[in-house]
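One letter stands for each residue in the lines below.
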Amino acid sequence: MKFSNKVKLDENVQDKSLKVETNSNTKIKQKSKVRLIESTPGIGNTTNFNSNEPKKCIGCGKQFQNTNDKQPGFSLNIEKQDLCLRCFKIKYYNKLVEQEINDQDFINIIDEINSTTKKIRYYYVVDIFDLPGSRLTWLEKLISKKEVVILVNKIDLFPKSVKKLKIFNYINKFFEDSPIRNSKIILTSSIKQDYVYSLVNELKSVEYDQYIVGISNAGKSSLINACLKLNKQIPSIITSKYVNTTLDKIKINFTENNFVYDTPGLVKHNHIAIATAPNYWYFFFFQKEIKQVTYQLNAGQSIFYGGLAWFTFEQGQVFSEKNGKEIKTNFHLYVNKQMPLHRTKAINAQIYFKKNRHLLVPRLLNSDITFETKVFDYDSERKVNLHISGLGWITFKTYKGLKVSVTVPKTEYGIKVSELDALI
Ligand SMILES: Nc1nc2c(ncn2[C@@H]2O[C@H](COP(=O)(O)OP(=O)(O)OP(=O)(O)O)[C@@H](O)[C@H]2O)c(=O)[nH]1
Ligand SMILES: [Mg+2]
């Protein structure tokens, strides 16, 4: 287990491309907007290094095709382009081109990787802002037969005041029922260099194949790009707040001897983003530290998350003999700073939603959608977190007779609402 993040690049695992840069003073520059060529052949994004194979998009890994612009990998000029139309539009216009993508294709890719009898290592990436929602139990089971390292990503979002040791202990407990429970854990962030060093060292110290796996939007490609950048290579993989950005394996060589593969992630079917339009997804995939907002509530009050979902303190208020009145209960919401929160009476919640559904931000794709309520009853004293996939979590102390609920839009797969012990 690693407790220190400030790891310096190890001399022994210094990379060739680094040396090239210091010796010749050549700067790696993107010559045009679509050509991304490493200065050292065989290092960096080597997806197309074997020229006998059909050319692939270096942004998403999909094989190029020039016949159907509704399918990924489309380009009219395969010879000259490194990016397919979809990746080009995401990169330069931050625009999503809706294309047909199939869950089964992703599962097949992982199955094929896993079928090898060779020694390989997986890096299983989970998102600290959506811990329960970013786990794929079938994937944990599948990869558990090989070497696994757990990357707890987007640590930059977490309040700095929380001690790292506490987070490690928490993650260990979180995975205690999983077949990958004994894996090494590394805290990572693609936007904080301190948290990239340890991963670069880890990746460069291994000479067999390594695969970065995990649910879509956990930040797999962003992490590899951050490692490439730290290693003075071109961060050439396309990343985005949209789901299913990476579509096939992308082969990266940090040194000539080690092969690291980015892989596509299965879409987050239980995430609240699924019920909203992509132009609101910056509310769920963001870069600023999460905010703690404390509400002292009376029973019968609700808190709205924009126009998406609401939390209700249903009943169980404690009566104080001393003060002769009922005591309010504290609920601490951990959210994206930008998420508008609104307090209302629980009996008015549905009316409030119906009246404002076209005005609230972020709002649901289908404003006539129905809702489902998940109720949590308590009969003892604990400190818990209620996680709503995509919205963060609510921390509170429970007591006998306390009843709370979370109301979320009813989607095909359901929005994940789950309870964990509190971390903070
Ligand atoms: N705050 C924060 N955001 C991150 C981090 N890493 C990735 N993100 C954001 O998370 C979203 C998804 O990132 P990607 O790297 O495309 O995720 P992925 O796991 O490769 O997703 P797929 O290719 O769809 O499987 C983007 O909006 C990134 O900006 C991180 O370390 N911190
Ligand atoms: Mg990706």
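Predicted model only: the values in this text are computed from it and were never measured. (Residues numbered from 1 in each chain as written. Chains lettered and ligands numbered in written order. Predicted model: local features only at pLDDT ≥ 70, side-chain atom pairs only at ≥ 80, totals over all residues.)

A. Local environment of the site of ligand 1. The environment of ligand 1 is formed by 25 residues, the closest being Gly219, Ser221, Ser222, Thr246 and Gly265. Among the elements that make up the shell around ligand 1, the one with the highest residue count is helix α7 (residues 220-230) (three residues). The class makeup of the residues in the shell around ligand 1 is six nonpolar, 15 polar and four charged. (Near = placed C-beta within 6 Å. Helix = DSSP H or I, 4+ residues; strand = E, 2+ residues; numbered from the N terminus. Nonpolar A, V, L, I, M, F, W, Y, C, P; charged D, E, K, R; others polar.)

B. Structural view of the domain arrangement of the protein. You can read the domains of the protein as domain 1 (38-47 + 101-268) and domain 2 (274-421). Using only C-alpha atoms to locate each centre, domain 1 and domain 2 end up separated by 31 Å. Listed as interface residues are 13 residues of domain 1 and, on the opposing side, 16 residues of domain 2. Here the residues of the side of domain 1 that touches domain 2 are counted per class, giving eight nonpolar, two polar and three charged. (Domains from an automatic or database assignment. Contact = placed C-beta atoms within 7 Å.)

C. Layout of the pairing of strand β2 (residues 121-127). For β2, the buried fraction is high: six of the seven residues fall into the buried class. Here β2 runs beside strand β3 (residues 147-153); their pairing, made up of seven bridges, is parallel. The partner of Asp127 across the bridge, within β3, is Asn153. This β-α-β element, β2 to helix α4 (residues 137-143) to β3, shows right-handed connectivity. Pairing between β2 and strand β5 (residues 210-214): five bridges, direction parallel. Within β5, the position partnered with Arg121 by the bridge is Gln210. (Buried ≥ 20, exposed ≤ 12 C-beta atoms within 10 Å, placed from the backbone. Pairing = 2+ DSSP bridges. Right-handed = clockwise from strand over helix to strand, strands pointing away.)

D. Inspection of the pairing of strand β9 (residues 301-305) at higher detail. Among the five residues that make up β9, five are buried, leaving the element largely enclosed by the rest of the structure. Residues Gln301, Ile303 and Tyr305 point to one face of β9 and Ser302 and Phe304 to the other, with burial holding for every one of them. Examined bridge by bridge, β9 and strand β10 (residues 309-315) share five bridges and lie antiparallel to one another. By the bridge assignment, Phe304 is partnered in β10 with Trp310. The hairpin turn running from β9 into β10, its antiparallel successor, is three residues long, and Gly306 in that turn takes a positive phi close to 50 degrees. Direction of pairing for β9 relative to strand β14 (residues 341-345): antiparallel, over a ladder of five bridges. Considered in β14, the bridge of Gln301 is made with Lys345.

E. Representation of the environment of Ser240. Mapped onto the elements of the fold, Ser240 is located in the loop between α7 and β6 (250-255). Distance from Ser240 to Phe319, taken between C-alpha atoms, is 50 Å for residues 79 residues apart in sequence.

F. Just the sheet that holds β5, in detail. The strand order β1-β6-β7-β5-β2-β3-β4 describes an open sheet built from seven strands, whose pairing is mixed. With one partner strand each, in any of the chains shown, β1 (44-45) and β4 (184-187) form the two edges of the open sheet.

G. Structural view of the sheet that holds strand β17 (residues 392-397). Read from one edge of the open sheet, five strands run β8-β13-β17-β16-β19, paired in antiparallel fashion. The open sheet terminates on both sides in strands that have one partner only, identified here as β8 (291-297) and β19 (417-421). Across the sheet, the mean angle from the axis of one strand to that of its neighbour is 25 degrees, orientation sign disregarded. Sheet topology note: the strand β16 (residues 383-388)/β19 ladder contains five bridges and is antiparallel. In the sheet register, Val384 faces β19, and the bridge partner there is Asp421. (Axes fitted to C-alpha atoms, helices over the stretch in contact; angles between N-to-C directions.)

H. Focus on unusual backbone geometry. A cis amide bond links Val361 to the next residue, Pro362, at an omega of -10 degrees. Mapped onto the elements of the fold, Pro362 is located in the loop between α8 (349-356) and β15 (371-377). Despite not being glycine, Lys154 has its phi angle at roughly 65 degrees, a positive value. Positionally, Lys154 belongs in the loop between β3 and α5 (164-174). Note on Lys154: 29 C-beta atoms within 10 Å, which makes it buried. Of note, the phi angle at Asn244 is positive, near 55 degrees, even though the residue is not glycine. Within the secondary structure, Asn244 is located in the loop between α7 and β6. When the 22 C-beta atoms within 10 Å are taken as the criterion, Asn244 is described as buried.

I. Quick peek at the nonpolar core. If you look at the biggest cluster of nonpolar residues, it comprises 100 residues, and the most contacted ones within it are Tyr124, Leu151, Ile212, Cys227, Ile272, Ala309 and Ile388. Each of two domains, domain 1 (38-47 + 101-268) and domain 2 (274-421), supplies a minimum of three residues to this core. Those residues in contact with Ile212 that lie beyond four places of it in its chain are Tyr123, Val125, Lys220, Leu223, Ile224, Val260, Tyr261, Asp262 and Thr263. (Core = buried A, V, L, I, M, F, W, Y, C linked by C-beta atoms within 7 Å.)

J. Looking closely at the packing of helix α6 (residues 194-204) against α7. The N-to-C vectors of α6 and α7 enclose an angle of 85 degrees; their axes lie 10 Å apart at closest approach. One finds that α6 runs roughly perpendicular with respect to α7. Only Leu223, Ala226, Cys227 and Leu230 of α7 make contact with α6, whose side of the interface consists of Val196, Leu199, Val200 and Leu203. For the contact of α6 with α7, the class distribution of residues is eight nonpolar, no polar and no charged. (Parallel < 35°, antiparallel > 145°, perpendicular 65-115°, else oblique.)

K. Representation of the environment of Ile415 in the model. Within the secondary structure layout, Ile415 lies in the loop between β18 (403-409) and β19. Given 27 C-beta atoms within 10 Å, Ile415 falls into the buried group. Separated by 186 residues in sequence, Ile415 and Lys229 place their C-alpha atoms 35 Å apart. Ignoring sequence-local partners within four residues, the contact set of Ile415 consists of Asn270, Ile272, Ile388, Ser389, Val408 and Pro409.

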